[in-house]
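So you can see what is in the structure, the chains are spelled out below.
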Amino acid sequence: MDIREFPKKKSALRPEVPVLLNASDNELKFIKAMGIEHLSLVLKRSELSGDAFHIGIKRFRENGFIVTNAACMELQKNRAIHLGLENRDDEIEAFIDAVRLFSSEGIEFTSLAWQPYGILRTDKRIGEHTRGQRALYCDECEIMKRSWREEREYGEDEILANFSYFAKAVIPELERYGVKMAIHPNDPPIEKAEGIASLFYSTASFKRIMKECNDSKAVGMKMCIGCYLEAGDRYGDLLSDIKEFGESGRILCVHFRNVSSPLPVFEEVLIEDGYANMYTIMKALVKSGTDAVISIDHAADAVEGYGGMIGSFAYPTGYMKGLLSAAENEIYG
Ligand SMILES: [Mn+2]
């Protein structure tokens, strides 16, 4: 064995971190020093108009970064669009305007998560497996006991019809502007919560979504490993999905996250502390040949004075990059 020997080939996977448009110069310096070149841009609605967006992208570019994807929270998790409310056409128009804006800067994809109230968790707490830090905790029994969020229930057929309505308007625009859309599962992936049916909570439901999209090449999966692990066998077969969707180019983004156990109760933990062997998962991703971006999904609370959100992302991102190098070494070495 020669210590000067590096793997023969790098995988196409692209590690990245999330940033806000107003990330400080020091934050960008810190990200660059982590060996990260790709950014996932999280935008406020107010940043979609005016010059701020273009100025921000230019600044990222001048600092040597590639913004691979961008999304606005209010548009990707949008109550009017998801529930089919009166003003949904205006919101869909705003979504399309954002697609056009992203296209003008060559951004590869935007995101969608069909859950009007965002991810559902029971608590953020210091758990049994969180090494003294506050992290997200989920108890399915507690969530299932919750009352309706809206005045009435929204069933699966209605939610799917609302998605179809959105897809019919948006997909031709995505295709025209050359921007893709990565869909994230409902988190946690359970069929219904708080009186609202989920759209995407399993491999089968993803295939149903793709059918609604006529298998458009503009639509893909945000493969949240965390969601797969939360739902366990109920979700599908993670390794065969990585192979199938990775080989077919359907995975646009990977959320690399581990949990302490499958539902009904889990804690979000460090990559090395969860129930899944994340090295096995990384090797499957590399073998699939996917060129997805890959990032740490959530991190435990930052420690005061130690770099805020990006500080708490640094260690798990480094660990993830280490697993990626090890996988490349084992597979291509
Ligand atoms: Mn995720």
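This text follows the structure it describes.
Throughout what follows, the structure given in this document is the object of discussion. Predicted model, so just to flag it, every value in this text is computed and none were measured.

Glancing now at the pattern of salt bridges. Summed over the entire model, instances satisfying the criterion amount to 33 salt bridges. Arg-146 is paired through a salt bridge with Glu-142; the nearest N and O atoms lie 3.0 Å apart. The exposure class assigned to Arg-146 is partly exposed, which follows from its relative accessible area of 25%. A salt bridge links Glu-156 to Arg-208; the nearest nitrogen and oxygen atoms lie 2.9 Å apart. Of the two residues, Glu-156 is situated in helix H7 (residues 156-177) and Arg-208 in helix H8 (residues 203-212); the sequence distance between them amounts to 52 residues.

This paragraph deals with the coordination of the manganese ion. At the metal site, the manganese ion is ligated by His-184 (NE2), Cys-224 (SG), His-255 (ND1) and Asp-297 (OD), and these contacts range over 2.2 to 2.5 Å. Each donor residue of the manganese ion lies on one chain, and together they are spaced H-x39-C-x30-H-x41-D. Of this pair, His-255 sits in strand E11 (residues 251-256) while Asp-297 is found in the loop between strand E14 (293-296) and helix H12 (308-332), placing the two residues 42 residues apart along the sequence. For the residue pair His-255 and Asp-297, the accessibility class agrees, reading buried in each case.

Turning to the nonpolar core, a few remarks are in order. Counting residues in each nonpolar core, the largest one holds 98 residues, and the members touching the most others are Leu-41, Phe-60, Phe-163, Phe-166, Phe-256, Met-282 and Leu-285. With residues near it in sequence (within four places) discarded, Phe-166 still touches Ile-81, Ile-92, Phe-95, Leu-112, Trp-114 and Met-181. The next biggest cluster of nonpolar side chains, apart from the first, holds five residues, and it includes Phe-109, Ala-182, Cys-253 and Val-293.

Within the structure shown, the criterion is met by two cavities of 30 Å³ or more. There is about 180 Å³ of room inside the largest cavity. Forming the walls of the largest cavity are 18 residues, and the residues nearest its centre are Gln-115, Leu-120, Asn-186, Ala-193 and Ile-196. Tallied by class, the residues present in the lining of the largest cavity amount to ten nonpolar, five polar and three charged. The volume enclosed by the second largest cavity comes to roughly 60 Å³. Every element with two or more residues in the lining of the second largest cavity is listed here: strand E3 (66-72), helix H3 (73-76), helix H5 (88-104) and strand E4 (109-113). The element best represented in the lining of the second largest cavity is H5, accounting for four residues. A per-class count over the lining of the second largest cavity returns seven nonpolar, three polar and no charged.

Remark: H5 packs on H7, axes separated minimally by 10 Å, with the N-to-C direction vectors making an angle of 25°. In terms of axis orientation, H5 runs roughly parallel to H7. The hand of the H5/H7 crossing is right-handed. Of the residues in H7, those in contact with Arg-88, Asp-89, Ile-92, Phe-95, Ile-96, Val-99, Arg-100 and Ser-103 of H5 are Asn-162, Tyr-165, Phe-166, Ala-169, Val-170, Glu-173, Leu-174 and Tyr-177.

Moving on, we come to the sheet that holds strand E12 (residues 258-259). Strands sit in the order E5-E6-E13-E12 across an open sheet of four strands; the sheet is antiparallel. At either end of the open sheet lies a strand with only one pairing partner, and these are strand E5 (123-126) and E12.

Next up on the list: the side chain of Lys-283. As for its position among the elements, Lys-283 is in helix H11 (residues 278-288). Among all residues touching Lys-283, those that are not within four sequence positions of it are Ala-327, Glu-330 and Ile-331.

Let us now look at the environment of Asp-187. Structurally, Asp-187 can be placed in the loop between strand E7 (180-184) and strand E8 (192-193). Along the primary structure Asp-187 and Glu-156 are separated by 31 residues, whereas in three dimensions their C-alpha atoms are 16 Å apart. Not counting residues within four places of it along the chain, the set of residues in contact with Asp-187 comprises Gln-115, Ile-119, Leu-120, Arg-121, Cys-227, Glu-230, Arg-257 and His-298. A distance of 3.0 Å separates polar atoms of two side chains, one belonging to Asp-187 and the other to Arg-121. There is a polar contact of 3.2 Å between the side chain of Asp-187 and the side chain of Arg-257.

Counting buried positions over the six residues of strand E2 (residues 38-43) gives five, a clear majority of the element. Note: strand E1 (residues 14-20) against E2, five bridges, orientation parallel. Bridge pairing links Glu-16 to His-38 in E2. Crossover connection from E1 via helix H1 (residues 25-33) to parallel E2: handedness right-handed. Relative to E3, E2 runs parallel, the two sharing six bridges. When the bridges of E3 are listed, Leu-43 appears paired with Cys-72. Between the parallel pair E2 and E3, the chain is carried across by helix H2 (residues 52-62), and the sense of this crossover is right-handed.

Basis of the calculations
- Residue positions are given per chain, counting from 1 as you read along its sequence in written order.
- At least 70 in pLDDT is required for a residue's local features to be given in this predicted model, at least 80 for side-chain atom pairs to be given and counted, and no such filter applies to totals for whole chains, interfaces and linings, which use all residues.
- Hydrogens and water are ignored here; the side-chain numbers use all heavy atoms of the structure.
- Salt bridges are defined as contacts in which a side-chain nitrogen from Lys or Arg sits within 4 Å of a carboxyl oxygen from Asp or Glu.
- The rule is simple: take the accessible area with a 1.4 Å probe, protein chains only, and divide by the maximum for that residue type; under 20% is buried, over 50% is exposed, in between is partly exposed.
- Starting at the N terminus, helices and strands are each numbered in turn, a helix being any DSSP run of H or I of at least four residues and a strand any DSSP run of E of at least two.
- The rule for donors is simple: an N, O or S atom within 2.8 Å of the metal counts, and for Na, K and Ca the reach is 3.2 Å. Water is not among the atoms, so a site may look short of donors.
- By nonpolar core we mean a set of buried residues, namely Ala, Val, Leu, Ile, Met, Phe, Trp, Tyr and Cys, connected to one another through side-chain atoms within 4.5 Å.
- We call two residues in contact whenever any of their non-hydrogen atoms come within 4.5 Å of each other.
- With a 1 Å grid laid over protein atoms only, a set of points is called a cavity when a 1.4 Å probe fits there but cannot get out and a pocket when it is open yet has protein on both sides within 12 Å along at least five of seven lines; lining residues have an atom within 4 Å of a point.
- Grid points are joined across faces, edges and corners, and a volume is the space filled by probe spheres set on the points.
- Each residue is assigned to one class: nonpolar for Ala, Val, Leu, Ile, Met, Phe, Trp, Tyr, Cys and Pro, charged for Asp, Glu, Lys and Arg, and polar for all the others, Gly among them.
- Every angle, taken between N-to-C directions, lies between 0 and 180 degrees, and every axis is a line fitted to C-alpha atoms, over only the stretch in contact when it is a helix.
- Our angle categories are set so that under 35 degrees counts as roughly parallel, over 145 as roughly antiparallel, 65 to 115 as roughly perpendicular, and the remainder as oblique.
- Note: crossing handedness is left-handed where the near helix turns anticlockwise from the far helix by less than a right angle, and right-handed where it turns clockwise.
- What makes two strands pair is DSSP finding at least two bridges between them.
- Polar contact is defined as a pair of N or O atoms within 3.5 Å, subject to the rule that within protein one atom must be able to donate a hydrogen and the other to accept it, and that residues adjacent in sequence are counted only when both atoms are side-chain atoms.
- A crossover counts as right-handed when, viewed with the strands pointing away from the observer, the path leading from the first strand over the helix to the second turns clockwise.

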